[in-house]
Amino acid sequence: MKKITCFGGTLMRTLSILLLLIALFNNELKSQTSCFNEQSPLRRVASSFHSTIIIDYKNEVMYWGDGASTTLTAGTNTNVLIPTALTGFTGNPVAVAAGSVGSTNQHQLFLLTTTNLYGWGFNNGTISSSTSSNVGITTIALPAGISATDIIAFEAAAGGLAIVTTAGNVYIKQGARYLGAQPATTGVITNGSIGSYTSALYGRGGAITNILATSTEQTNNTGLGSLATNWQQVLTAPATPLINVIKISLSQLGAMALTADNKVYTWGTQVYLGNGSGPQDLSYATQMALPQISNVDIQAKDININTKTYISGQTDGATHFILGTNGLVYGVGEGYGGILGQSTAIEGTTVANAAAAASGTTWATVKKSDGSDITGATMISSNNPFVLAENTSGYAAGVLTTSGEALLWGVNHYDMLGNVTAIPAGTYSYVYRARQPNNIANNSNVRYGFLELGGHTTIAFLKESTKYSYLGHLVRGSMGDGTNGVSTRNNFDGFSTAPIYYCQNTVSADCPPPSAKDLIASSSLGTTLLDNHSSVFAWGANAHPYTAGADVPLYGSIPSDYLTGIPVGLAAGTVVTSGTQNSQFWLHSTGGIYGWGYSANTIVDATAGQVAITQLALPSGVAITDVSFIRAAKGGIALVTNSGAVWIKGGTASSINGNVYGDGTTTINSAWHQVKTNASTSLTGVVELSFAGTSAMALTSTGIVYAWGTNVYTGTSSPLSAAANRNFATPVFTPAGVQVKTVEILQSATNASQFLLTTTGSMYSVGDNSNGILAIGNTTAQTSWQQVSTGSGTILTGVTKITSTNHTAGANGMAALTLNNNIYVWGNNATAAPGYGMLNHPTNGDITYATLATNGANKSNVELGGQFSLFFERGTSNIMFTGNNSRGSAGTTAIPTGTVTTSTNAIAISNCAGDVYTISGSLLNDINGTIDGLANGSAITGTTLHAVLLDPAGIVLESNPLSATGTFGFTNYMAATYSVRISYSRYSRTGRAYCCYCVYQ
């Protein structure tokens, strides 16, 4: 993949020993491993009613959603629409928790670090004992004698917070809470009375009193005494603390604890013991009976409890779950809405199903939709973070299995458990038995590695890519997709969610090595991009792969879990119909070629309009393993096989010209056509291809250049023949002594414009010169090859990549990236259509020389869409946008729509298209000249030597002195061929002696 060729020599002056340069060429994106830990009592993901917090694989804390901001605006925590990195804390992140005391801007987020416990949001007297108002990020005072490093588990729910210490003790804190006009705000809580905030939750013994606050008490944080504002230690009897606890589950009215010796305790209002007794109020932690198999207690792996405020007509009780080490899930308690999973029915729209709603006083296994027990369960979650107060909300729960299934059941509010069709806002359905919801990719093979239920939301992290998928209520940023509207997701959506990953990637160890495959591709107003998690990003016009034809204003990504095979290449094109720019996108994976957007009778033969992502049938006799790379333009697609054969397909609704089929036919149809050099000879050996829809150019492994299509320039000598239609691949004369690296062709006018990039980094152009596209200082067409110039006779050199607008009819722009990380642009830059100022230069009109773009320095890649350009900042994940920001073409809602004439930071994606490398190594003094086959000498000392990095033409890119131990390094360089030489001077060109060098490819 990366070749190192080393050469030895001798230094001049008095030093005549042999030096060996040992060098490494390391991609900065390293291999990654999985890190799911479903059973850790210190969770890295937590959701409230409409907000989420996560510690991702980089150990960075990200948060988003309803009222999630860490600072106050007019005394309120505002909505956070996209995942945002948390600041304002000390220490290393350890765990997170979340809870809610209401549905709108009444949420709490918590972070435990190695130094402190932090909280922010709707205070409720829990985060800060001195106020009940909203707070920004605040350090929470811990119980006396307890430090952050003493906490081994913690959980939040309904305005309360519980921690477990290294001694296995449990402490709970829950502040003032006002629920509106209520009866009997004081006194002993009895069975069947209003279930509200009671002292039983503290597990500290004594009379169980209702600690519900009045409105004034909540405002002033008064009237509740120390119960509401101080930590309370959970006891099993007077002066007897609960000990040995390793896991805690907290809800509005009750809690459960699991000890290291396999005991399960519960306490709170209307909790069950699993021993056949009914619900009861327990002010001390009381041991529960465990489920049994053949009269032997099962081993508990995890626990979960959910409770809710009393609702007229419903049983006021808790529901308890135990997940056994045997992979079975056991439930006991209230059965409202089918939460115990015991019904003979599977789903319904009414709670009237008596069997589903029946409560249980002894443990029973939760059933799947086929009536069998859930088996192989690895973790359990429920919507217990939310206070279920005075509405028809009920319990919802879910488990993950060893096979990666996410099984959900209970009350399905706002589609949080998934649905065949979306539920109208505010309505419910009921899932009486556990079942797996669909995902937007409609791929039954998708598996998950972590699950978290919030009040109205379900988040599941995909097992391969580890990106999160979302199910349920979309409101006030709850999905983290940049939207603030109100809707639902009734299928798991892993495309629209932000690129937040639980684990490092397990699919691909690295970005693909540099090759002819394109890792970014754009249409007129859309883009698709491969990232370093084997996920494919898409944004802009018609870019949604699962909602046919939908625009994507904020970039989404197709996780690798949704695809067959690993993505390796991309392509895109545009078809204009009645003035509408229609995007067509293509994905090449090891499992197939997929297309979406405007079909043009190419993606789907029988469909002209928009389609969701669809696998493309390949030419007869061609397997996906035979495909080397793909290109697309104007509604057509071209593929090149490993043997260098070229196949082209463009349907009747495309904008291609039949001459581009290259097989002697010209009638547009939906068949594959293999390009030939004559009626009986197929074109083979192609290693590079430029496809413009109406014309094409190819380079073979033997250095021959071919062109075919409409009005192309060909010939075996200079000048080339006049532009003519060629329906077979026809040789193109190239300048003497030139070795061609790649080719480019575009066709905005009648005739084609054609380009060569040489192995030494210079460029040649010929053909139509509209808008000065040949970069020779004028607009006169040429039939002889001209060298692309930066002006005044200065030739553009050091070019490593060229790109054009050839995928879109009418667009006429070019860009080149040089090895010294500069972007040069030329062609149509008019601020009006079709230029849209997309070339990032102050010229309003034609740019007739290759000109350094504004903000074009220090870049690692460039991509041209039909009406915009993207610049990749070197050494960062930032992507800058210039041009027509329409229909989401910038990939962000932060940039106003309309013409953007100066490059602006748009989005940040760790991607492969802007991938950069580090070149590093050591210089060793090997006295025996490595005759023993080993580089085992000592580092050079006693003189100052420099490592010099050169491009293929021998131009110095960077020079650095060797370190004291003989090491060197050059960072943030794009993929190309380099050499490193050693010199006494800081840099050398001519007249200086080098001792040795290595070549990097």
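Residues numbered from 1 in each chain as written. Predicted model: local features only at pLDDT ≥ 70, side-chain atom pairs only at ≥ 80, totals over all residues. Heavy atoms only, no water.

Chemist: With reference to specific residues and values, describe the overall build of the protein.
Modeler: Within the protein one finds three helices and 76 strands. Buried residues in the protein amount to 61% of all 1001 residues. Contacts in the protein between residues at least 24 apart in sequence constitute 58% of all its contacts with a sequence separation of at least 6. Carbon and sulfur atoms form 50% of the exposed surface of the protein, whose accessible area is close to 32500 Å². (Helix = DSSP H or I, 4+ residues; strand = E, 2+ residues; numbered from the N terminus. Buried < 20%, exposed > 50% of the residue type's maximum accessible area, 1.4 Å probe, protein only. Contact = heavy atoms within 4.5 Å. Areas by Shrake-Rupley, 256 points an atom, 1.4 Å probe, with all protein chains shown as cover.)

Chemist: Explain the nonpolar core residue by residue, including any values.
Modeler: In terms of nonpolar packing, the biggest core is built from 99 residues, with V329, I374, W409, F461, L529 and W539 touching the most fellow members. For I374, the contacting residues outside a window of four places in its chain are G327, L328, V329, V366, K367, K368, V399, L407, W409 and A434. One finds I776, L817, V825 and V862 within the second-largest nonpolar core, a separate group that totals 44 residues. (Core = buried A, V, L, I, M, F, W, Y, C linked by side-chain atoms within 4.5 Å.)

Chemist: Any chance you could break down unusual backbone geometry for me, citing the residues and the numbers?
Modeler: For the bond running from S718 to P719, omega is 0 degrees, close enough to zero to count as cis. Going from A833 to P834, the amide bond is cis rather than trans, its omega being 0 degrees. As for its position among the elements, P834 is in the loop between β64 (823-828) and β65 (846-852). With a phi close to 70 degrees, N244 is a non-glycine residue in the positive phi region.

Chemist: With reference to specific residues and values, describe the environment of E688.
Modeler: Within the secondary structure, E688 is located in strand β52 (residues 686-691). In this structure the side chain of E688 is engaged in a polar contact, spanning 3.4 Å, whose partner is the side chain of T742. (Polar contact = N/O pair within 3.5 Å; in protein donor to acceptor, adjacent residues only side chain to side chain.)

Chemist: Quick one: what's the story with the sheet that holds β52, residue by residue and with numbers?
Modeler: Judged by pairing direction, the sheet is antiparallel, and its four strands sit side by side in the order β52-β53-β54-β55 without closing on themselves. Of all the strands in the sheet, the pair left with one neighbour each is β52 and β55 (724-732). If you compare each strand with its neighbour and ignore which way they point, the axes differ by 10 degrees on average. Here five bridges tie strand β54 (residues 705-712) to β55, and the two strands are oriented antiparallel to one another. Residue pairing for β55: Y706 is matched across the bridge by P731. (Pairing = 2+ DSSP bridges. Axes fitted to C-alpha atoms, helices over the stretch in contact; angles between N-to-C directions.)

Chemist: Let's hear about the side chain of N77: which residues, and what values?
Modeler: Here N77 shows up in strand β7 (residues 76-77). Of the polar contacts made by the side chain of N77, one reaches the backbone oxygen of V135; its length is 3.1 Å. If we ignore the near neighbours within four places in the chain, the residues touching N77 are G67, S69, T71, L72, N105, W120, G121, F122, N134, V135 and G136.

Chemist: Tell me about the pattern of salt bridges, and name the residues and values.
Modeler: A complete count under the given rule lists 11 salt bridges for this structure. Across the salt bridge formed by E60 and K58, the nearest N and O atoms sit 3.8 Å from each other. Classification of K58 by relative accessible area gives exposed; the value is 51%. One salt bridge connects D261 with K263, and the closest N-O pair in it is separated by 3.8 Å. Residue class for D261 comes out partly exposed when judged on its relative accessible area of 41%. (Salt bridge = Lys/Arg side-chain N within 4 Å of Asp/Glu carboxyl O.)

Chemist: Give me the sheet that holds strand β13 (residues 151-157): which residues, what numbers.
Modeler: On the basis of which strands lie adjacent, the open sheet formed by four strands has the order β13-β14-β15-β16 and antiparallel pairing. Only two strands of the sheet have a single partner each, and these edge strands are β13 and β16 (232-233). Examined bridge by bridge, strand β15 (residues 170-174) and β16 share two bridges and lie antiparallel to one another. If you follow I172 over to β16, its bridge partner there is Q232.

Chemist: Could you give an account of the packing of aromatic side chains, with specific residues and numbers?
Modeler: Overall, the coordinates contain 18 aromatic pairs when judged by the stated rule. Here F461 and Y468 contribute two aromatic rings whose centre-to-centre distance is 6.1 Å and whose plane-to-plane angle is 55 degrees, an arrangement assigned as tilted. Pair check on accessibility: F461 and Y468 agree, each one buried. Its guanidinium or amino end placed over the ring of Y502, R44 lies 4.2 Å from that ring's centre, counting from NZ or CZ. (Phe/Tyr/Trp six-rings, centres within 6.5 Å; stacked < 30°, edge-to-face > 60°. Lys NZ or Arg CZ within 6 Å of the ring centre and 35° of its normal.)

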